[in-house]
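# Coordinate inspection notes
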Amino acid sequence: MASPFSGALQLTDLDDFIGPSQDCIKPVKVDKRPGSAVTKIHIEDDGSYFQVDQDGGTQRLEKARVSLNDCLACSGCVTSAETVLITQQSHEELRKVLDANKTVPPDQQQLVVLSVSPQSRASLAARFQLSPTDTARKLTSFFKKIGAHFVFDTTFSRNFTLLESQREFVQRFRGQTDSREALPVLASVCPGWICYAEKTHGSFILPYISTARSPQQVMGSLVKDFFARQQNLTPDKIYHITVMPCYDKKLEASRSDFFNQEYQTRDVDCVLTTGEVFRLLEEEGVSLAELEPAPLDSLSSPRTSSVSAKELINHRGGGSGGYLEHVFRHAAQELFGIHVAEITYRPLRNKDFQEVTLEKEGQVLLRFAIAYGFRNIQNLVQKLKRGRCPYHYVEVMACPSGCLNGGGQLKAPDVPGRELLQQVERLYSMIRVEAPEDAPGVRELYQHWLQGEGSERASHLLHTQYHAVEKASSGLNIRW
């Protein structure tokens with residue numbers, strides 16, 4: 001299995017030496033009063049920092065506190081002499097909310113909503129030797145026993161991400177003569193990849209990235225906007241937790257783009273990894289396999305809820321969401337009138353770098369690729385920089401083998417990683433697939449909640465933007 005964070009975000013060897021690639025944007029806070037002379041920093045044996053003025057006076061300095069927002073804005077990493085705070089993204093934080101709800105009247109409680117990813121569900125199914133449907137129903141039972149009110153499946157929100165990705169690609173393909181940066185379109189759902197792009201390649205790479213929000217953040221819009229209205233609540237009265245296969249999703253949820261200034265609340269308040277849910281089960285002394293199943297909740301309208309809640313659905317195209325396959329099929333039909341029944345992948349450098357082409361009379365009409373893992377991502381970026389990227393669309397994921405192999409997934413000491421991944425893939429693929437445009441409730445929500453496809457409201461709630469991070473100039477940036 002992959003390491004906890006993606007390669008772009010992982011805290012490397014934590015010691016008191018900041019390497020050339022680890023210069024942090026939040027160092028020890030130094031008093032910079034106007035007119036003050038040059039000062040020195042003295043470090044005590046216990047790790048305390050003191051500012052030493054020219055007159056010999058000393059002042060104890062606070063250690064910098066690095067939040068998840070800072071992690072997204074940083075050019076490097078931190079040392080062990082600094083405090084890394086991830087207080088709002090843990091199962092302990094969920095416990096605090098649940099405990100607080102027990103001490104106040106019902107009308108003062110926060111409505112606790114969990115949204116579970118299909119990748120996390122498959123990982124838990126493998127651990128407990130359950131079917132994906134049983135796992136979903138038993139997870140619903142568990143979360144409601146500890147105080148949650150609703151438990152949703154993020155496959156529903158992925159319908160919107162896929163549809164918006166399809167429309168955006170067709171629009172950019174048709175407009176490629178007007179913009180050099182229209183193609184290739186690079187998938188946007190992996191926060192590890194987005195963080196790497198913003199920090200490492202900035203303004204060069206960002207125009208190529210799809211603006212479609214990830215399923216996690218679309219779910220944030222659904223829960224804090226559509227569902228809040230259904231419940232006659234303001235967004236700040238809902239506490240929304242997602243269960244994800246990846247630690248980087250914690251960083252995505254903390255982005256300022258997904259913060260509601262009016263109500264001072266995030267679209268996703270807390271992200272738990274699959275491993276953290278397993279830890280929560282252990283702390284509660286619960287075996288998922290022994291729980292009684294509970295009915296699945298549905299986010300769609302009451303008219304269609306009985307249809308969508310009866311069984312889980314999935315999408316074609318593999319464990320990372322199937323973005324390449326859905327965009328490819330839609331583009332082939334929409335742009336060239338060609339129906340694609342089966343998609344054939346051609347491996348290139350390795351199994352994590354494969355391509356798909358649409359050909360007619362010997363001419364390549366579309367060339368798509370998947371690029372998983374940073375080795376392949378770096379090769380892709382270099383092709384772009386040299387003007388030699390032949391692709392129209394690339395499904396990009398930071399983790400080798402994609403999201404089912406995310407760093408937040410469960411490990412099994414007695415099962416080799418490759419074998420465990422195959423089990424998780426098999427369980428993930430057991431769910432019936434359905435085209436996103438055919439999913440119950442989707443068309444109705446586009447019409448009534450989003451005011452139509454391509455509307456300004458749909459753009460606001462289903463799309464996002466990216467921000468190049470300027471690297472701070474520092475002597476540590478020197479290549480020796």
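Higher on the page you've got the structure.
Residues numbered from 1 in each chain as written. Predicted model: local features only at pLDDT ≥ 70, side-chain atom pairs only at ≥ 80, totals over all residues. Heavy atoms only, no water.

## Notes on the packing of aromatic side chains
The cut-off we apply is this: For Phe, Tyr and Trp, where Trp contributes only its six-membered ring, two rings pair if their centres lie within 6.5 Å, and the inter-plane angle classes them as stacked under 30 degrees, edge-to-face over 60, or tilted in between. Secondary structure counts use DSSP, requiring at least four H or I residues in a row for a helix and at least two E residues in a row for a strand, with both numbered from the N terminus. The rule is simple: take the accessible area with a 1.4 Å probe, protein chains only, and divide by the maximum for that residue type; under 20% is buried, over 50% is exposed, in between is partly exposed. Criterion for a charge above a ring: Lys NZ or Arg CZ within 6 Å of the ring centre, and within 35 degrees of the ring normal.
Summed over all chains, the structure comprises 19 aromatic pairs. Considering the side-chain rings of Phe-128 and Phe-278, the 5.9 Å spacing of their centres and the 50 degrees angle between planes classify their relative orientation as tilted. Note that Phe-128 is positioned in helix α3 (residues 118–128) and Phe-278 in helix α9 (residues 274–283), a separation of 150 residues in sequence. As far as the burial class goes, Phe-128 and Phe-278 line up, both buried. A centroid spacing of 6.4 Å and a plane angle of 40 degrees characterise the contact between Trp-193 and Tyr-196, whose relative ring orientation is tilted. A residue pair is termed a helical-turn pair when its members lie 3 or 4 positions apart in one helix, as Trp-193 and Tyr-196 do in helix α6 (residues 191–205) at 3 residues. Of the two residues, Trp-193 and Tyr-196, neither departs from the other in class, the shared state being buried. By way of ring pairs, the aromatic residues Phe-169, Phe-173, Phe-328, Phe-336, Phe-368 and Tyr-393 are connected into one cluster. One Lys or Arg, Arg-127, reaches over the ring of Phe-278 and ends 4.7 Å from the middle of that ring.

## Thoughts on the sheet that holds strand β16 (residues 393–397)
Cut-off, in case you're wondering: Strands qualify as paired when DSSP identifies two bridges or more between them. The contact criterion used throughout is that any non-hydrogen atoms of two residues lie within 4.5 Å. With axes taken as lines fitted to C-alpha atoms, and helix axes fitted only over the stretch in contact, angles between N-to-C directions fall between 0 and 180 degrees.
What the 5 strands build is an open sheet, ordered β8-β16-β15-β14-β13; its pairing is mixed. In this open sheet, the two edge strands, each paired with only one partner strand, are β8 (185–186) and β13 (346–350). Sheet topology note: the strand β15 (residues 363–372)/β16 ladder contains 5 bridges and is parallel. Bridged to Ile-370 within β16 is Glu-395. Of the strands in this sheet, β14 (353–360), β15 and β16 touch helix α11 (residues 323–336), which is tilted by about 165 degrees from β15.

## Looking at the side chain of Glu-355
Our working rule: Within 3.5 Å is the distance limit for a polar contact, defined as a pair of N or O atoms, with the added protein rule that one can donate a hydrogen and the other accept it, and that residues adjacent in sequence qualify only through two side-chain atoms.
Mapped onto the secondary structure, Glu-355 falls in strand β14. Within polar-contact distance, the side chain of Glu-355 engages the side chain of Arg-367 at 3.1 Å. A distance of 3.1 Å separates the side chain of Glu-355 from the side chain of Tyr-391, its partner in a polar contact. Residues within four places of Glu-355 in sequence aside, it is in contact with Thr-344, Tyr-345, Arg-346, Leu-348, Arg-367, Phe-368, Ala-369 and Tyr-391.

## Overview of the packing of helix α4 (residues 132–145) against α9
To be explicit about the condition: Throughout, the term roughly parallel applies to angles under 35 degrees, roughly antiparallel to angles over 145, roughly perpendicular to angles from 65 to 115, and oblique to all others. Less than a right angle of anticlockwise turn of the near helix away from the far helix marks a crossing as left-handed, whereas a clockwise turn marks it as right-handed. All amino acids are sorted into three groups, where Ala, Val, Leu, Ile, Met, Phe, Trp, Tyr, Cys and Pro are nonpolar, Asp, Glu, Lys and Arg are charged, and the leftover types, Gly among them, are polar.
Orientation of α4 relative to α9, taken along the N-to-C sense of each, is 60 degrees, at an axis distance of 12 Å. For the element pair α4 / α9, the angle class is oblique. Both α4 and α9 take part in a crossing whose hand is left-handed. Packed against α4, whose contacting residues are Leu-139, Phe-142 and Phe-143, the element α9 presents Val-277, Leu-280 and Leu-281 at the interface. Taken together, the residues of the contact of α4 with α9 sort by class into 6 nonpolar, no polar and no charged.

## Comments concerning the pattern of salt bridges
Selection criterion: Only one rule defines a salt bridge in this text: a Lys or Arg side-chain nitrogen within 4 Å of an Asp or Glu carboxyl oxygen.
Overall, the coordinates contain 24 salt bridges when judged by the stated rule. Residues Glu-283 and Arg-95 are paired through a salt bridge, measuring 3.0 Å at the closest nitrogen-oxygen approach. Separated by 188 residues along the polypeptide, Glu-283 in helix α9 and Arg-95 in helix α2 (residues 91–102) bring together distant segments of the chain. In this structure Glu-283 comes out as partly exposed when scored by relative accessible area, which is 43%. For Arg-255, the salt bridge goes to Asp-257, with nearest N and O atoms at 3.5 Å. For the pair Arg-255 and Asp-257, a shared accessibility class is recorded, and that class is buried. Connected through shared salt-bridge partners, Arg-95, Glu-283 and Glu-284 make up one network.

## As for the packing of α3 against helix α13 (residues 417–428)
Here α3 crosses α13 at 120 degrees, and the two axes come no closer than 8 Å. Here the hand of the crossing between α3 and α13 comes out right-handed. Along its contact with α3, which presents Pro-118, Gln-119, Ala-122, Ser-123, Ala-125 and Ala-126, the element α13 presents Leu-420, Gln-423, Val-424, Leu-427 and Tyr-428.

## A look at the sheet that holds strand β12 (residues 270–273)
Here 4 strands make up an open sheet; going across it, the order is β7-β6-β9-β12 and the pairing parallel. Two strands lie at the open edges of the sheet, namely β7 (150–153) and β12, each paired on one side alone. Strand-to-strand, the axes of this sheet are offset by a mean angle of 25 degrees, without reference to chain direction. Sheet strands in contact with α4 are β6 (111–116), β7 and β9 (238–244), and its direction is about 150 degrees off that of β7.

## Side note on empty space enclosed by the protein
Heads up, the rule is: Two kinds of site are reported from a 1 Å grid over the protein atoms alone, namely cavities, where a 1.4 Å probe fits but cannot get out, and pockets, open sets with protein on both sides within 12 Å along at least five of seven lines, and residues are called lining when an atom falls within 4 Å of a point. Grid points are joined across faces, edges and corners, and a volume is the space filled by probe spheres set on the points.
Across all of its chains, the model carries 3 cavities of 30 Å³ or more by this definition. Here the largest cavity defines a volume of roughly 260 Å³. Along the walls of the largest cavity sit 23 residues, with Gln-119, Val-189, Pro-245, Lys-249 and Cys-403 positioned nearest its centre. Contributions of two or more residues to the lining of the largest cavity are made by α3, α5 (155–174) and α7 (215–230). Tallied by class, residues from the lining of the largest cavity come to 13 nonpolar, 8 polar and 2 charged.

## Some words on the nonpolar core
Formally: For this analysis, a nonpolar core means a set of buried residues of the types Ala, Val, Leu, Ile, Met, Phe, Trp, Tyr and Cys, connected via side-chain atoms within 4.5 Å.
Counting residues in each nonpolar core, the largest one holds 51 residues, and the members touching the most others are Phe-169, Leu-186, Trp-193 and Ile-205. If you list the elements that add at least two residues to this core, you get α5, β8, α6, α11, β14, β15, α12 (374–385) and β16. Excluding its chain neighbours within four sequence positions, the residues that come into contact with Ile-205 are Leu-186, Trp-193, Ala-197, Val-381 and Leu-384. In this structure, Leu-139, Val-243, Leu-272 and Leu-280 belong to the second largest nonpolar core, which totals 27 residues.

These figures capture arrangement, not role.
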